[in-house]
Amino acid sequence: MTFLDLIWLIPLFPLAGAAIMLFLGRKLDPQQPSAVALAPGVGPAPGMHGLGHAGHSHAGPGKKLISLLCPGTVLLSLIFSIGAVAELARLPEKTHQLILYTWIAGLPFQTATGSLARFSADWGFLLDPLSAVMILVVTGVGFLIHVYSIGYMGHEGGYYRFFGYMNLFVFFMLMLVLANNYALLFVGWEGVGLCSYLLIGFYFHKKSASDAANKAFIVNRIGDAGFILGMLMMFHVFGTVRFADVNRALAGPGYAPEASWGVLSVMALLLFVGATGKSAQFPLYVWLPDAMEGPTPVSALIHAATMVTAGVYMVARSNALFSLAPATSDIVAVIGAFTAILAASIALVQNDIKRVLAYSTVSQLGYMFLACGVGAYWVAIFHLYTHAFFKALLFLGAGSVIHALGGEQDMRRMGGLKEKLPTTYWTMLAGSLAIAGIPGLAGFFSKDEILWQVYSSPQGSTALFVVGLITAGMTAFYMFRLMFLTFHGKPRMDAHTLAHAHESPPVMTVPLAVLAAGSVLAGWIGVPKLWTAFPDAFRSFEHWLEPVMLRAAAHGADAGHHDAATEWLLMGLSVAVALGGIWVARVFYLRRPELPERLAQSAPGLYNTLLNKWYVDEVYGAVFVDGLAKGGGTALSEFDARVVDGGVNGTGWLARFTSQLSIWWDTWIVDGAVRLVSFAVKVVSYPVRLLQTGYVQAYALIFVLGVLVIFGYYWMR
Amino acid sequence: MDHILSIVLLTPLVGFAILLAIPSSKERAIKIWANVASLAGFLVCLPLVFHFDPGRDFQFVEKAAWIPSIGASYHLGIDGYSLLLVVLTALLGFLSILSSWKVIEHRLKEYYAYFLLLQVGMLGVFMALDFLLFFVFWELVLVPMYFIIAIWGSARRVYAAFKFIIYTLIGSVLMLLGILGLYFEHYRQFGVYTFDIAALMRTQLPPETQWWIFWAFFVGFAVKVPMFPLHTWLPDAHTEAPTAGSVVLASILLKMGTYGFLRFSLPLLPDAAKNPQIIQVMAFLSIVAIVYGALVCLMQKDWKKLIAYSSVSHMGFCTLGIFTLNPLGIAGSILQQINHGISTGMLFLIVGIAYERRHTREIAEYSGLLRVMPVYTIVFLIAALSSMGMPPLNGFIGEITILQGAYQVSLWWALAIVSGIALGAAYLIWLFQRTMLGELHEKNAGLGDLTPREIAVFAPLLVAVFWIGLYPKPFFRILERPVAQIVERVQPGYYARHNLPNPLVRADAGGTVTPAVR
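What you see is a predicted model; the values in this text were computed from it and never measured. (Residues numbered from 1 in each chain as written. Chains lettered and ligands numbered in written order. Predicted model: local features only at pLDDT ≥ 70, side-chain atom pairs only at ≥ 80, totals over all residues. Heavy atoms only, no water.)

**Looking at the overall build of chain A**
Here comes step 1: If you tally the helices and strands in chain A, you get 28 helices and 2 strands.
Here comes step 2: At 38 Å, chain A has a C-alpha radius of gyration far larger than the 27 Å of a compact globule built from 717 residues.
Here comes step 3: In terms of principal-axis extent, the alpha carbons of chain A reach across some 165 × 70 × 60 Å.
Here comes step 4: Relative to its 717 residues, chain A shows a buried fraction of 58%.
Here comes step 5: When contacts within chain A are restricted to residue pairs at least 6 apart in sequence, those whose partners lie at least 24 apart make up 81%.
Here comes step 6: Per element, the accessible surface of chain A, about 27800 Å² overall, is 71% carbon and sulfur. (Helix = DSSP H or I, 4+ residues; strand = E, 2+ residues; numbered from the N terminus. Rg over C-alpha atoms; globule rule 2.2 N^0.38 Å. Buried < 20%, exposed > 50% of the residue type's maximum accessible area, 1.4 Å probe, protein only. Contact = heavy atoms within 4.5 Å. Areas by Shrake-Rupley, 256 points an atom, 1.4 Å probe, with all protein chains shown as cover.)

**Considering the overall build of chain B**
Here comes step 1: Check the secondary structure of chain B and you find 23 helices and 2 strands.
Here comes step 2: A compact globule built from 518 residues should have a C-alpha radius of gyration of about 24 Å, and chain B, at 22 Å, falls within 12% of that.
Here comes step 3: Seen along its three principal axes, the alpha-carbon backbone of chain B occupies a region of about 70 × 55 × 40 Å.
Here comes step 4: Per-residue burial over chain B gives 68% buried out of 518 residues.
Here comes step 5: A separation threshold of at least 6 residues defines the contact pool for chain B, and within that pool the share at least 24 residues apart is 77%.
Here comes step 6: Approximately 16600 Å² of chain B is accessible, and the part contributed by carbon and sulfur atoms is 67%.
Here comes step 7: Charge-centre separation for chain B: the mean point of 34 positive side chains lies 2 Å from the mean point of 28 negative side chains. (Lys, Arg positive; Asp, Glu negative; His and termini not counted. Charge placed at Lys NZ, Arg CZ, Asp CG, Glu CD.)

**Focus on unusual backbone geometry**
Here comes step 1: Of the consecutive residues Phe282 of chain A and Pro283 of chain A, the connecting peptide bond is found in the cis state with omega at 5°.
Here comes step 2: Position of Pro283 of chain A relative to the elements: it lies in the loop between α9 (263–278) and α10 (287–290).
Here comes step 3: The residue after Pro391 of chain B, namely Pro392 of chain B, is reached through a cis peptide bond having omega -5°.
Here comes step 4: Along the chain, Pro392 of chain B falls in the loop between α17 (374–387) and α18 (394–409).
Here comes step 5: Despite not being glycine, Arg107 of chain B has its phi angle at roughly 50°, a positive value.
Here comes step 6: When you line up the elements, Arg107 of chain B lands in the loop between α4 (80–99) and α5 (108–127).
Here comes step 7: Phi at His359 of chain B is positive, roughly 55°, even though this residue is not glycine.
Here comes step 8: Assignment of secondary structure puts His359 of chain B in the loop between α15 (327–358) and α16 (369–372).

**Topic: the packing of α17 of chain B against helix α19 (residues 411–436) of chain B**
All names here are of chain B.
Here comes step 1: Where α17 meets α19, the axes come as close as 10 Å, and the angle between the chain directions of the two elements is 170°. Comparing the axis directions of α17 and α19 gives the class roughly antiparallel. On the side of α17, the interface is formed by Tyr376, Thr377, Phe380, Leu381, Ala384 and Ser387, while α19 contributes Leu428, Leu431, Phe432, Thr435 and Met436.
Here comes step 2: When grouped by side-chain class, the residues that make up the contact of α17 with α19 number 8 nonpolar, 3 polar and no charged. (Axes fitted to C-alpha atoms, helices over the stretch in contact; angles between N-to-C directions. Parallel < 35°, antiparallel > 145°, perpendicular 65-115°, else oblique. Nonpolar A, V, L, I, M, F, W, Y, C, P; charged D, E, K, R; others polar.)

**Overview of a nonpolar patch on the surface**
Here comes step 1: On the surface, a nonpolar cluster with roughly 540 Å² of combined accessible area is contributed by Tyr615, Val619, Val623, Phe624, Val625 and Leu628 of chain A.
Here comes step 2: Assignment of secondary structure puts Tyr615 of chain A in the loop between α26 (604–611) and α27 (616–691). (Patch = residues over 30% accessible without salt bridge, like charges linked within 9 Å, V, L, I, M, F, W, Y side chains within 5 Å. Salt bridge = Lys/Arg side-chain N within 4 Å of Asp/Glu carboxyl O.)

**Brief notes about the pattern of salt bridges**
Here comes step 1: Tallied over the full model, the rule gives 28 salt bridges over all chains.
Here comes step 2: When salt bridges with common partners are traced through the structure, they connect Asp122, Arg242, Asp245 and Arg248 of chain A into a single cluster.

**Describing the environment of Ala622 of chain A**
All names here are of chain A.
Here comes step 1: The topology assignment puts Ala622 in helix α27.
Here comes step 2: The class of Ala622 is partly exposed, set by a relative accessible area of 45%.
Here comes step 3: Between the C-alpha atom of Ala622 and that of Val520, which follows or precedes it by 102 residues, the distance is 45 Å.

**Concerning the confidence of the model for chain B**
In regions of low pLDDT, the predicted coordinates are not meant to be interpreted in detail.
Residue and element names in this part refer to chain B.
Here comes step 1: Mean pLDDT over chain B: 90, with 97% of residues reaching 70 or higher.
Here comes step 2: Confidence drops under a pLDDT of 50 for residues 508–518, and excluding neighbours within four residues, the segment shows 16 contacts in the predicted structure.
Here comes step 3: Here the predicted complex carries an ipTM of 0.89, next to a pTM of 0.88. (pLDDT = per-residue confidence, 0-100.)

**A short note on the interface of chain A and chain B**
Here comes step 1: Taken together, the 64 residues of chain A in the interface contact 72 residues of chain B.
Here comes step 2: Between chain A and chain B, the buried area comes to about 6000 Å², and carbon and sulfur atoms account for 70% of it.
Here comes step 3: Among the residues of chain A in contact with chain B, Leu107, Leu116 and Phe204 of chain A are the three that bury the most area, contributing 12% of the side total.
Here comes step 4: Salt-bridge contacts for Arg118 of chain A lead to Glu480 of chain B; the nearest nitrogen and oxygen are separated by 3.9 Å. (Buried area = accessible area lost by both parts, 1.4 Å probe.)

**What to know about the environment of Gly398 of chain B**
Residue and element names in this part refer to chain B.
Here comes step 1: Tracing the backbone shows Gly398 in helix α18.
Here comes step 2: Sequence separation between Gly398 and Gln336 is 62 residues; the distance between their C-alpha atoms is 4.6 Å.
Here comes step 3: Once you skip the residues sitting within four places of it in the chain, Gly398 turns out to touch Gly332, Leu335, Gln336 and Asn339.

**A closer look at the packing of helix α9 (residues 207–224) of chain B against helix α11 (residues 243–268) of chain B**
The angle between the axes and the distance between the axes are what describe a pair of packed helices.
Residues and elements named next belong to chain B.
Here comes step 1: It is at 7 Å that the axes of α9 and α11 come closest, and there the two elements cross at 160°. By the criterion of interaxial angle, the relationship of α9 to α11 is roughly antiparallel. Here α9 runs over α11; the crossing is left-handed. Only Leu253, Leu254, Met256, Gly257, Gly260, Phe261, Phe264, Ser265 and Leu268 of α11 make contact with α9, whose side of the interface consists of Phe214, Phe217, Phe218, Phe221, Ala222 and Lys224.
Here comes step 2: The class makeup of the residues in the contact of α9 with α11 is 11 nonpolar, 3 polar and 1 charged. (Left-handed = near helix turned anticlockwise from the far one by under 90°.)

**Some remarks on the nonpolar core**
Here comes step 1: Formed by 457 residues in total, the largest nonpolar core has its most connected members in Trp103 of chain A together with Phe131, Phe134, Phe217, Leu266, Trp303 and Tyr376 of chain B.
Here comes step 2: Looking at this core, the element that brings in the most residues is helix α16 (residues 377–404) of chain A, giving 20 residues.
Here comes step 3: Excluding residues within four positions of it along the chain, Tyr376 of chain B makes contact with Trp303, Ile350, Val351, Ile353, Ala354, Leu369, Met436, Asp449 and Leu450 of chain B. (Core = buried A, V, L, I, M, F, W, Y, C linked by side-chain atoms within 4.5 Å.)

**Brief notes about the confidence of the model for chain A**
Residues and elements named next belong to chain A.
Here comes step 1: On average, chain A scores 85 in pLDDT, and the residues at 70 or more come to 94%.
Here comes step 2: Mean pLDDT values for the elements of chain A range from 41 in helix α2 (residues 33–37) up to 94 in helix α12 (residues 310–317).
Here comes step 3: Across residues 33–57, where pLDDT falls below 50, the model places 42 contacts with residues more than four positions away in sequence or in other chains.

**Quick look at the pairing of strand β2 (residues 72–78) of chain B**
Each regular strand carries side chains that alternate between the two faces of the sheet.
All names here are of chain B.
Here comes step 1: Buried residues dominate β2, accounting for 6 of its 7 residues.
Here comes step 2: Note: strand β1 (residues 59–67) against β2, 6 bridges, orientation antiparallel. Following the sheet pairing, Glu62 is matched in β2 by Leu76.
Here comes step 3: Connecting β1 to the next strand, β2, in antiparallel fashion are 4 residues, including Gly71 with a positive phi near 80°. (Pairing = 2+ DSSP bridges.)

In structure tokens:
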């Protein structure tokens, strides 16, 4: 029994944790929100969100068990993942597939090429360098965030519910990245969406939270429609959705990069539509900022480090397909770049600390797609991996600040917290420097490599590079705006809050420190080729992913034919831009805090447009929600009630009318005729009736008279 | 084993007869007996499952003379398709009776009597291999359902019951005309009067005749499904009926329509069924139903009516699958019929439980039920996810199979389906939000969670949801042959033309080598 044979256990541990929470959680953690809120006449306290208000409950033994069990399952997954990846590294073919059983064992059908295929998919796992990176990120960052949550969620109702959902999420996320085919990937894909729904709506009694959850779910389903179609096309074209088989087919002689819109380009585009939903890209990014209604650890784990990167993972997983679909790849790059700059521009002016980070995430995901679009898939994954460290760190740090301020999220009521929260400050500073792209920190290596690839790759362009560069400047600016507003300057919160502000307990700060170390060091496995002073060991990340991206690597082989001077120049440019962004933020928010206000007043149109997020939500609301869904639904209900039922009721009326008519006919014509006959009979029989008196004497008289008449007749003859 | 189908059919009938003998005053005895009888009705089905051979067509066949003078016989038999529907009927029949334990308070004896009678009719429909027998069972279903809606329904029950009966009667009459047309045409050609379906299949019908008979059948079956625009009886009937009535209506009665299409319209009238005009009309009506039903759902204020309209949308998937006329589409359609029975049945039971506690169906009256009814909420969530086709639950398997079949016909059909999938998520998740999440109304504060009896009602359905979702293989295996029968009948040589292994041709017997399948 090796770890590789046990990879099916990796997702199973957190599933077991979730199942235990589902069935026993309430018994373990009897302190129910219902118990608090159901006191007669007391509505759910609006301050449920405010931490520490629910009362410092005694952590009972059940609660302690939950705190051990749920992070424990993720730790077990982490250990098994490390074991499996270590064994994988020793395999010459660097790939290990484990099929448990045939899951969808559907009917046979004929593919587009006329060959026989079966509509089926495995319940199977694939561990290769790409999924190895992903499971390490998911379980590693996931474990740290679980630990952090013990402190962060400690005073909240529904503790078991929270950890149950989180464990369930980790299960689905691991299914997503370990699946050996698109259909099973889709199980994880939908599963993480469901957990995201449940966790965004964790404070379900808050309307805004449940609205945000709804929005996330529905917007994601729209993207999923594209994904499903893409998957169907894949079935139809290749007869299979297993990664290995699809890639083998694509590597065959029948396929070459498509000159225009061919079947592969459409297929790739449909898959990418799915990715825009899950990874919050334009035009489907609108759900992610709202998703910040969820508890902060959720934002860190799901909406920064793992789930939202699923789209990037999926595109990188499909690199063989995308590299044959240049038209689609162009769209991917453009959408990525556009989303990156759009979201960064919105982040410049937001005041909610979590929203800034949310838009930052959207923007960074844009970078990853930009990298995918220019064929630099390994760089996208590299950025995904470094981003997981510093973005999780920044969210958890923000959570620590919010925790310290009793639930405050508005940066206009923060400031001067540097001394109060030193660990949070220094770790977040490391994260901010990393995301800003300061040389030596994780974000620098990945972002700089993206920019270089965008410039130098044959699929890249200078225009995209410029967009990426401007975004980098904006990133540095909004991150340091956040840092200065939060930690520097004078405290702007009320005295009470300030007095209570305190550094978080070690259970929260230790994960921060670990992530900060990651943010500083994680990039050193992807050092630029330009830095020839470093041996190749410092560039192991690209080599590690090579087996997964052979085809893409072959296509991008002619990249990097530019001279070293250009590369140094661009690197210097991006560092300068980052430093410039930090400097502007310093001027605006430390030196001359009145400047931003003046600037906003001098260009109110632009400022309000940015503050209102380019009014995209309003447009969507008017067109899709009110127009299509509500308007269409109402119109069709009316159609049913008036037209279809109108027809039915009209028929009913017609039936009644005709029946009235036949009643009339029956009464006057048919019955009339009958009565006429009877009347005629009556008239005719009247004289006869006169005779029928019923008196025997009369009959006798008539009889006698009759006899006399007859006899008289004969006598007269 | 020889008379197993008769036993299955007669168990509820015997239950019905004994029930009539129990005095009306003994309410508890009536309830217990009705539950026992319907549970027995389910248990006697189990041998069918264990002895069913997926490699053969109609099994457990019984045939006896009934009205020899006109060629009608008591002819029963089931194939894989019927098997699934028979088991579903027996299971949901029992569960709906079990779910009625506390809700029905007056005229108990009649209520349970109608349900057991209904059970006989529905089982008969799915077993009959004689067209007249089928028609008798078909009509037998109407009467008890009419009374169930009209007596135990809610405020507008009489209107709803009337609408239901008028719609279906008109459908039945036209269907009977179609049957008689076939019957006499068969006599003209063979000189024998018979209602036997296998015999009627041998009739050679000119395409025009098929065309007319198809439309006559269409009205009968489309009303039942219901297909747009013959669907407006459904929201009323489903909404007004008592919970158990809605469950049976949605889960089983609607399947009689799709069953009719697959068992009669397609195999008996293959030229009409593959007429491109007819296919286009059917696809159009199905797609309209999918999108239309979903959009109407979005704007419903009545919880039960929303679920009712969702049936219109979901059954649109099933009819579209049928008219792909390819194995995947038809197999997906059948599977989705079963799935719809399970998940919509659950959704109606869920509404029923809320209604039982609060006596209102207004969505706005509920919110935050998660706080007081957590188990109920979980069950609702699973049912909603299953209904919206979330993997790895049952609905996903059915929808994706239909989709693959539809995609082979046209990308537009597939697009229509996925739009329905996206909208399905929207109305269901929004319903979930409005009822289960949010602030708890004070008037809902005292609601109790599911009782053990209610959990027992949901448990088998939940098992089915996960079973079909995680291990659908046995279902596909059972369906392989009936589907091939239908496809080969409508498009002879389909399997050979598409290089597919024909399940009707045994590889060992005929020498046809089945190509290796990945």
